[in-house]
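# Summary of the model geometry
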Amino acid sequence: MRILVLGGTSFVGRAIVEEALCADAEVTLFGRGKTGTDLFPLLRRLIGDRDTGDYAALHDGTWDAVVDVSGYVPRQVAQSMDALRDRVGRYLFISSHAVYQRTGVGPGSDEDTPRRPVVRDTEELDDDTYGPLKVACEDDVVAQEGYTSDSPHGDCETVAGRLRTAVCAPVVKEHCALC
């Protein structure tokens with residue numbers, strides 16, 4: 001399986017890359033080349049910058065899946081989906097628990113917890129906008145990919161919390177530590 005990871009050298013991206021490599025996937029990293037430059041020295045690295053809209057390095061190549069761990073605002077997600085259109089099998093957006101409402105949520109809450117209202121009028125990330133911007137990104141990925149509750153890959157109405165279904169179906173399931 002050929003996987004492109006947008007980000008992949010810090011936070012959860014690092015674990016996703018490690019797991020993909022353990023499953024014998026062919027992994028390519030896309031990023032600015034500033035974080036974790038000593039990690040994964042044998043992997044192909046494509047250099048670009050989502051903040052400035054530099055996706056030129058993505059114009060060649062095909063992948064079975066893209067894992068987007070570094071999309072924070074809808075523009076970034078839309079631009080990466082546009083740059084990769086028709087050359088990827090699946091686009092997996094990694095979201096955040098911050099998409100869920102903060103009040104009235106208790107132990108046992110899951111991905112059915114109501115989400116925060118969407119924010120689209122800023123790209124400034126702070127405590128008030130991070131979660132709502134991620135909600136907007138989720139909505140854009142779902143709309144672009146056309147996932148519905150009838151999807152053979154599971155209910156992707158909300159992307160957060162669906163990592164097990166998305167990553168493990170169907171190719172790497174037998175190798176996935178998440179399963």
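Attention here is on the structure that accompanies the text.

Rules behind the numbers
- Residues numbered from 1 in each chain as written.
- Predicted model: local features only at pLDDT ≥ 70, side-chain atom pairs only at ≥ 80, totals over all residues.
- Heavy atoms only, no water.
- Pairing = 2+ DSSP bridges.
- Helix = DSSP H or I, 4+ residues; strand = E, 2+ residues; numbered from the N terminus.
- Right-handed = clockwise from strand over helix to strand, strands pointing away.
- Buried < 20%, exposed > 50% of the residue type's maximum accessible area, 1.4 Å probe, protein only.
- Salt bridge = Lys/Arg side-chain N within 4 Å of Asp/Glu carboxyl O.
- Core = buried A, V, L, I, M, F, W, Y, C linked by side-chain atoms within 4.5 Å.
- Contact = heavy atoms within 4.5 Å.

Alignment of strand β4 (residues 63-68) against strand β5 (residues 88-93), held across five bridges, turns out to be parallel. Opposite Ala 65, over in β5, you have Arg 90 as the bridge partner. Where the polypeptide runs from β4 across helix α2 (residues 74-84) and back to β5, its parallel neighbour, the crossover connection is right-handed.

Let us now look at the pairing of strand β1 (residues 2-6). Side chains on a regular strand alternate between the two faces of the sheet. The buried fraction of β1 is high, at four of five residues. Here β1 runs beside strand β2 (residues 26-31); their pairing, made up of five bridges, is parallel. The residue of β2 that forms the bridge with Leu 4 is Thr 28. Traced from β1 through helix α1 (residues 11-22) to β2, the parallel crossover comes out right-handed. Judged from the four bridges that link them, β1 and β4 form a sheet pairing that is parallel. Bridge pairing in β4 links Leu 6 to Asp 68.

Turning our eyes to something else, we now look at α2. For α2, every residue scored as buried is listed here: Pro 74, Gln 76, Val 77, Ser 80, Met 81, Ala 83 and Leu 84. Phi turns positive one or two residues past the end of α2, at Asp 86, with a value near 65°.

This next bit is on the pattern of salt bridges. For the coordinates displayed, the defined rule picks out eight salt bridges. Salt-bridge contacts for Asp 68 lead to Arg 50; the nearest nitrogen and oxygen are separated by 2.6 Å. Linking Asp 68 in strand β4 with Arg 50 in the loop between β3 (44-47) and β4, this pair joins segments that are 18 residues apart in sequence. Each of Arg 115, Glu 138 and Asp 139 takes part in one network of salt bridges that share partners.

Turning next to the nonpolar core. In this structure, Leu 4, Leu 6, Phe 30, Leu 58, Val 77 and Tyr 91 are the most contacted members of the largest nonpolar core, which totals 16 residues. Contributing elements (two or more residues each) for this core: β1, β4, α2, β5 and α3 (130-145). When residues in this core are grouped by element, the largest group, four residues, is from α2. Ignoring sequence-local partners within four residues, the contact set of Leu 4 consists of Thr 28, Leu 29, Phe 30, Leu 46, Leu 58, Trp 63, Ala 65, Val 66, Val 67 and Leu 84.

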